[in-house]
Amino acid sequence: MRIRVIGVPMDLGADRRGVDIGPSAIRYAGLSEHLRRLGYTVNDIGNVHVPQPESRPVGNTQLKYLEPIVQVSEELAQLVTEALQANEFPLILGGDHSIALGSISGVARVHQPLGVIWVDAHTDFNTGETTPSGNIHGMILAALAGLGDGRLVEVGGWSPKLNTSDIVIVGARDIDPGEQNLLRNNHIHVFTMSDIDERGISEIMHQAVAIAGRDNHPVHLSLDLDALDPREAPGVGTAVRGGLSYREAHLVMEMVASTHQLVSMDVVEVNAILDRENATARLAVELVLSALGKKIL
């Protein structure tokens, strides 16, 4: 299989700077070399241009940097669609989690219905009405499900990209009050860290892949490194204690790989400024390899 690597140095969707260096940090950690050792052909097309926050007005404080985020999302969606049409696996490197609007929109043009496994400490299911921060990286999953500001919802020219029944969130532990209502009202499958503590990651992932991949649906995996405990992944902008362990995270990836239904993946929120010796980027590479089939034996 050929893998098309697309970097998106986006930090318009979050408050803390540094995730724009994420694609470079992940590449520096040896991503392409390790993928080739695993037997893949790698086509790294470089980075999508993302304007610097200092060069653009914030705009509506409930939807910060909306215009440039939409512009980048439209370009990324086209690049992802082109990768799939060329029979390449799109591997998108963030950047903050707002990049998933473009990556999943591009996949959903080709694959319908599309299951999504969203591995994250946060559910990213706010809208402009519920957000406490105005940061768009916390609204992306809702927008993909057709909720929120029309300019986000209509990226790619149609909505919704995802059926709510095809979305599974794994590892959540920091959910805003407005999100809680939206998640319940839209019947989103959310497996919190409490669920994982009580039932174990293996049982949770058996259910997650059964839901997202039912009827042999293609699956997109969106991995936010803050899903892991900060002791494992210190270089993230919105760290929350009590996350996935190193082995739990690898098992999540391994169980997704075992479905053979994964068609695309994005890896987000690696903040090189806050990292220690590129440890989080190196962990991101390890997890990508597990998602793409690397096994212990």
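For the protein chain, the name recorded in an unreviewed UniProt entry is Arginase, with Ktedonosporobacter rubrisoli as its organism. Word for word, the UniProt comment on the protein chain under Sequence similarities (unreviewed entry) is "Belongs to the arginase family."

J.: Before we go on, may I ask you to explain the nonpolar core in this structure?
T.: The nonpolar side chains of soluble globular proteins are, as a tendency, buried together. Judged by nonpolar contacts, the single largest core of 53 residues is most densely connected at Leu35, Leu91, Leu225 and Met265. Looking at this core, the element that brings in the most residues is helix H11 (residues 279-291), giving eight residues. In contact with Met265, other than residues within four places in its own chain, are Phe89, Pro90, Leu91, Ile92, His220, Leu221, Leu223, Met253, Val288 and Ala291. Counting 46 residues, the second largest nonpolar core, distinct from the first, contains Leu66, Leu76, Leu114 and Val268.

J.: Got a minute to help me understand H11 in this structure?
T.: For the α-helix, the turn length of 3.6 residues means that residues three or four positions removed from each other point alike. Along its 13 residues, H11 runs 18 Å from first to last C-alpha, staying within 8% of the 18 Å computed at 1.5 Å per residue. With 10 of 13 residues buried, H11 is to be regarded as a mostly interior element. Where H11 is concerned, the buried positions are Thr280, Ala281, Leu283, Ala284, Val285, Leu287, Val288, Leu289, Ser290 and Ala291. Backbone geometry just after H11 places Gly293 at a positive phi near 110°.

J.: Teacher, can you tell me more about the pairing of strand S8 (residues 262-268) here?
T.: In the case of a regular strand, side chains alternate between the two sheet surfaces. Within S8, seven of the seven residues are buried, which leaves it mostly tucked inside the rest of the structure. Relative to S8, strand S7 (residues 219-224) runs parallel, the two being bridged by six bridges. Paired with His220 across the bridge in S8 is Ser264. Handedness of the crossover is the feature at issue here: the chain leaves S7, passes through helix H10 (residues 246-257), returns alongside S8, and the resulting connection is right-handed.

J.: Is there a simple way to explain the packing of aromatic side chains in this structure?
T.: Centre distance and the angle of the planes are the two values used to describe a pair of aromatic rings. As enumerated under the stated definition, the model contains zero aromatic pairs in all. Here the basic side chain of Lys161 rests over the ring of Trp158, its NZ or CZ set 4.9 Å away from the ring centre.

J.: How should I be thinking about the pattern of salt bridges in this particular structure?
T.: Oppositely charged side chains can pair when the atoms bearing their charge come close. This structure, assessed with the given rule, holds 12 salt bridges. Ionic pairing is found between Arg4 and Glu88, a salt bridge with its closest N-O pair at 2.4 Å. Highlighted residues: Arg4 in strand S1 (residues 2-8) and Glu88 in strand S3 (residues 88-94), separated in sequence by 84 residues. Here Asp229 makes a salt bridge to Arg231, at a shortest N to O gap of 2.9 Å. Residue Arg231 is classed as exposed on the basis of its relative accessible area, which comes to 72%. Put simply, Arg2, Arg4 and Glu88 are held in one network by salt bridges that share partners.

J.: What's the story with the layout of surface pockets in this structure? I'm lost.
T.: One water molecule sets the probe size; rolling that probe over the atoms shows where empty space is left. Counted as a void, the largest pocket has a volume near 360 Å³. Breaking the lining of the largest pocket down by element, the ones donating at least two residues are S3, H10 and S8. Around the second largest pocket, the lining comprises 17 residues; the ones closest to its centre are His122, Ser133, His137, Gly138 and Asp176.

J.: I'm lost on the UniProt feature "binding site: Mn(2+) 1" (unreviewed entry) in the protein chain in this one. Help?
T.: UniProt's entry tags His97, Asp120, His122, Asp224 and Asp226 with the feature "binding site: Mn(2+) 1" (unreviewed entry), counted in the numbering of this structure. Their sequence span is 130 residues, while the largest C-alpha to C-alpha distance among them is just 10.6 Å; these annotated residues converge on one region. Lining residues of the second largest pocket drawn from the annotated set just named are His97, His122, Asp224 and Asp226. Relative to the helices and strands, Asp120 resides in the loop between strand S4 (115-119) and helix H5 (140-144). The exposure class of Asp120 is buried, given its relative accessible area of 0%. Excluding residues that lie within four positions of it along the chain, Asp120 makes contacts with His97, Val170, Gly171, Ala172, Asp224, Asp226 and Ala227. Along the chain, the position of Asp224 falls in strand S7. Residue Asp224 is classed as buried on the basis of its relative accessible area of 2%. Ignoring any residue separated from it by four or fewer positions in sequence, one finds Asp224 in contact with His97, Val119, Asp120, Val268 and Glu269. A distance of 3.3 Å separates a polar atom in the side chain of Asp224 from a polar atom in the side chain of His97.

J.: Looking at this model, I keep getting lost on the environment of Glu75. Mind explaining?
T.: With respect to the helices and strands, Glu75 occurs in helix H3 (residues 66-85). For the pair Glu75 and Met255, spaced 180 residues apart in the sequence, the C-alpha separation amounts to 31 Å. Setting aside anything within four residues of it in sequence, one finds Glu75 in contact with Val48 and His49.

Rules of the game
Residues numbered from 1 in each chain as written. Predicted model: local features only at pLDDT ≥ 70, side-chain atom pairs only at ≥ 80, totals over all residues. Heavy atoms only, no water. UniProt positions renumbered as here; feature names shortened; annotations may be inferred. Core = buried A, V, L, I, M, F, W, Y, C linked by side-chain atoms within 4.5 Å. Buried < 20%, exposed > 50% of the residue type's maximum accessible area, 1.4 Å probe, protein only. Helix = DSSP H or I, 4+ residues; strand = E, 2+ residues; numbered from the N terminus. Contact = heavy atoms within 4.5 Å. Expected span 1.5 Å × (residues − 1). Pairing = 2+ DSSP bridges. Right-handed = clockwise from strand over helix to strand, strands pointing away. Phe/Tyr/Trp six-rings, centres within 6.5 Å; stacked < 30°, edge-to-face > 60°. Lys NZ or Arg CZ within 6 Å of the ring centre and 35° of its normal. Salt bridge = Lys/Arg side-chain N within 4 Å of Asp/Glu carboxyl O. 1 Å grid on protein atoms, 1.4 Å probe; cavity = no way out; pocket = protein on both sides within 12 Å on 5 of 7 lines; lining within 4 Å. Points joined across faces, edges and corners; volume = space filled by probe spheres on them. Polar contact = N/O pair within 3.5 Å; in protein donor to acceptor, adjacent residues only side chain to side chain.

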